[in-house]
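Examining the three-dimensional arrangement
What follows is the residue order along each chain.
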Amino acid sequence: MNHHKPVLAKSFRALRPIPKKASEVIAPPYDVLNSDEARKRATDKPLSFLHVSKPEIDLPVDTPFDDPEVYNQGSKNLSRLISEKILIEEDADSLYICEISSNGCKQTGVAFVASLEAYDLNLIKKHEYTTPRKEADRIQNISKLNAQTGPVLLTYESNIHLKKILSKIITQDPIYDVYADEGPRHKIWELSDVDEMDAILTIINNMGALFIADGHHRSAAAAKVRDQRKQNNPNHNGRENYNYFLSVAFPHDEMNILSYNRVVKDANSHTQKSLFQEICKSFDLELSPVPFNPSKRKQFGMYFDGVWYKLELKQALDNIADPVKSLGVSILHDYLLEPILGIKDERTDQRIDFMGGARGLEALAEKVDSGKMVIAFSLFPTAIDDLISVAKVGKIMPPKSTWFEPKLLDGLLTHRID
């Protein structure tokens, strides 16, 4: 039995837009827009990558996102971008350096393809469960397109040698420098110098692990597509493109996580009095004159009946040994959402919804004031160090624990798997 340690990362031949068309091609990631929003975004933008990542926008309104026709349409749309030479395939394997800047924050990382063998062996670590229907959608999308279009966002424990190499490369002119609609600025440099690529890959492949930050459905789907192709390929040797998935990796100390807030549809038959009595068993509760933005894990803002409150868990966090149980999202769940509001599984319960921190506290209050929801909670963001320590011990984060910002644009780099 050969116990070699598989590579984590390798270079690849990207399919990418011709630079002068890049700003017309780029699109937000498929999972941050619903079909209606995507349809609006892509109006009068025939080259928008949304035609590939959310092809239902080209079919009659109300076409389900996972209708078989949707994937055929996506495949037609991608073929058209290739035949019109809007997208061209690199003639040699390359790596790409990506710098994303948004609101004064910059992160610089590397785009490569990550090994599914390493993913199987948990050297590329997960921290989240996937939803079957969403995973099935990405399986169909990748299979039909014969390509992985949405990069998986990875993080790694910051490495001083890699930082040095990258900071030297980004003094040159990038191949892309583009802004999305009110989105972040993306700059991308292409590396073709073999020594530079080797130096970068050697550092990455000697890391103990990479961690999936965002993109669990994309990576899980890539693994399932690999299984199908392996079965259907009598000459499978493990080096085919389908054995890898498209990734962009950033150092953990440059990653930016926003809070992932909660809104709940009803008070579980509580009156205000009984609700507050129950909450006060575990939390100190006080009025807040302004929308309350927590400054630590055990603090929460609560908006109820037109008023903001500050909640703080009475118990000391160091009594909660488990790295998952001590997360803000877990505390809110274990001490309030489940015992008081009766929400057992946040993944499936229809009474709860989630709002990314990018939308601010006002959006939470609006949801409640509109009557759609009855209570809103603001949370302190999960730290990247928490994510890494949870993933290292092989545990799973609660659903909707992390909202990474900025999001990687789709359309700049695509990995063909045929």
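Located above this text is the structure these notes cover.
Structural notes, computed from the coordinates. (Residues numbered from 1 in each chain as written. Predicted model: local features only at pLDDT ≥ 70, side-chain atom pairs only at ≥ 80, totals over all residues. Heavy atoms only, no water.)

1. Points about the overall build of the protein chain
For the protein chain, the count of helices and strands is 13 helices and 21 strands. Over its C-alpha atoms the protein chain spans a radius of gyration of 23 Å, differing by no more than 12% from the 22 Å that the globule rule assigns to 418 residues. Scored against the burial criterion, the 418 residues of the protein chain give a buried share of 53%. Looking at charge distribution, the protein chain has the averaged site of its 53 positive side-chain charges lying 2 Å from that of its 59 negative ones. (Helix = DSSP H or I, 4+ residues; strand = E, 2+ residues; numbered from the N terminus. Rg over C-alpha atoms; globule rule 2.2 N^0.38 Å. Buried < 20%, exposed > 50% of the residue type's maximum accessible area, 1.4 Å probe, protein only. Lys, Arg positive; Asp, Glu negative; His and termini not counted. Charge placed at Lys NZ, Arg CZ, Asp CG, Glu CD.)

2. Regarding the packing of helix α4 (residues 68-83) against helix α6 (residues 132-145)
Contact geometry of α4 with α6 gives a least axis separation of 9 Å together with a crossing angle of 40°. Relative to α6, α4 is oriented oblique. Seen from above, α4 lies across α6 with right-handed handedness. Within the contact between the two elements, α4 uses Y71, N72, G74, S75 and L78 and α6 uses D137, Q140, N141, K144 and L145. Of the residues that constitute the contact of α4 with α6, the class distribution is 3 nonpolar, 5 polar and 2 charged. (Axes fitted to C-alpha atoms, helices over the stretch in contact; angles between N-to-C directions. Parallel < 35°, antiparallel > 145°, perpendicular 65-115°, else oblique. Left-handed = near helix turned anticlockwise from the far one by under 90°. Contact = heavy atoms within 4.5 Å. Nonpolar A, V, L, I, M, F, W, Y, C, P; charged D, E, K, R; others polar.)

3. With respect to the packing of aromatic side chains
To describe a pair of aromatic rings, one takes the distance between the centres and the angle between the planes. For the structure on display, the rule yields 8 aromatic pairs. Both rings, one in F283 and one in F300, keep their centres 6.0 Å apart while their planes meet at 85°; by these two values the pair is edge-to-face. Here F300 lies in strand β16 (residues 299-304) and F283 lies in strand β15 (residues 283-288), a separation of 17 residues in the sequence. Judged by relative accessible area, F283 falls into the buried class, the value being 1%. Taking the relative accessible area as the measure of exposure, F300 reaches 0% and is therefore buried. Between Y303 and W308 the ring centres are 5.2 Å apart and the planes differ by 50°, which places this aromatic pair in the tilted class. A single burial state applies to Y303 and to W308, both of which are buried. Put simply, the rings of Y260, F354 and W403 touch in pairs and so form one group of aromatic residues. Directly above the aromatic system of Y30 lies the positively charged group of R138, at a separation of 3.6 Å from the ring centroid. The ring of W403 has K407 lying over it, and the distance from NZ or CZ to the ring centre is 4.4 Å. (Phe/Tyr/Trp six-rings, centres within 6.5 Å; stacked < 30°, edge-to-face > 60°. Lys NZ or Arg CZ within 6 Å of the ring centre and 35° of its normal.)

4. Some remarks on the nonpolar core
Membership of the largest hydrophobic core comes to 64 residues, with the highest contact counts inside it found for L336, L341 and F377. Counting residues in each nonpolar core, the second largest holds 39 residues, with A220, V225, F245 and I417 among its members. (Core = buried A, V, L, I, M, F, W, Y, C linked by side-chain atoms within 4.5 Å.)

5. Notes on unusual backbone geometry
Here the amide bond leading from E405 into P406 is cis, since omega sits at 0°, within 30 degrees of zero. Among the structural elements, P406 can be located in the loop between β20 (403-404) and β21 (414-416). Phi angles above zero are rare outside glycine, and D44 is one such case at about 60°. Counting through the fold element by element, D44 comes out in the loop between α2 (35-41) and α3 (50-53). The phi torsion at D62 lies on the positive side, around 80°, for a residue other than glycine. Its place among the elements puts D62 in the loop between α3 and α4. By relative accessible area, D62 is classed as exposed at 73%.

6. A few points about helix α8 (residues 194-205)
Because an α-helix completes one turn every 3.6 residues, residues spaced three or four positions apart along the sequence face the same direction. When the terminal C-alpha atoms of α8 are compared, their 16 Å separation across 12 residues agrees well with the 16 Å that a helix rising 1.5 Å per residue should span. Taken as a whole, α8 has its buried residues at E196, M197, I200, L201, I203, I204 and N205. At its buried positions, α8 is contacted by β1 (9-10), β4 (95-102), β5 (105-115), α7 (160-169), β10 (185-191) and β11 (210-214). Here α8 starts with a cap whose side-chain oxygen sits 2.8 Å from the backbone nitrogen of D195, and that cap is D193. (Expected span 1.5 Å × (residues − 1). Polar contact = N/O pair within 3.5 Å; in protein donor to acceptor, adjacent residues only side chain to side chain.)

7. Remarks on the sheet that holds β16
As summarised here, the arrangement of the 6 strands in space is β15-β17-β16-β19-β14-β18, forming an open sheet in which the pairing is antiparallel. Two strands lie at the open edges of the sheet, namely β15 and β18 (352-356), each paired on one side alone. Adjacent strand axes in the sheet meet at a mean angle of 25°, parallel and antiparallel pairs treated alike. Note: strand β14 (residues 260-264) against strand β19 (residues 375-379), 3 bridges, orientation antiparallel. Residue pairing in the sheet places V263 in a bridge with A376 of β19. Helix α10 (residues 272-282) rests against β15, β16, β17 (307-313) and β19 of the sheet, and its axis sits at about 125° to β15. Helix α12 (residues 360-369) contacts β14, β16, β17, β18 and β19 of the sheet and is inclined by roughly 165° relative to β19. (Pairing = 2+ DSSP bridges.)

8. As for the pattern of salt bridges
Any two side chains of opposite charge can pair, on the condition that their charged atoms come close. Counted under the stated rule, the structure contains 26 salt bridges. For E24, the salt bridge goes to K21, with nearest N and O atoms at 3.7 Å. K163 is paired through a salt bridge with E254; the nearest N and O atoms lie 3.3 Å apart. With K163 in helix α7 and E254 in the loop between β12 (244-251) and β13 (257-258), this residue pair connects regions lying 91 residues apart in the sequence. (Salt bridge = Lys/Arg side-chain N within 4 Å of Asp/Glu carboxyl O.)

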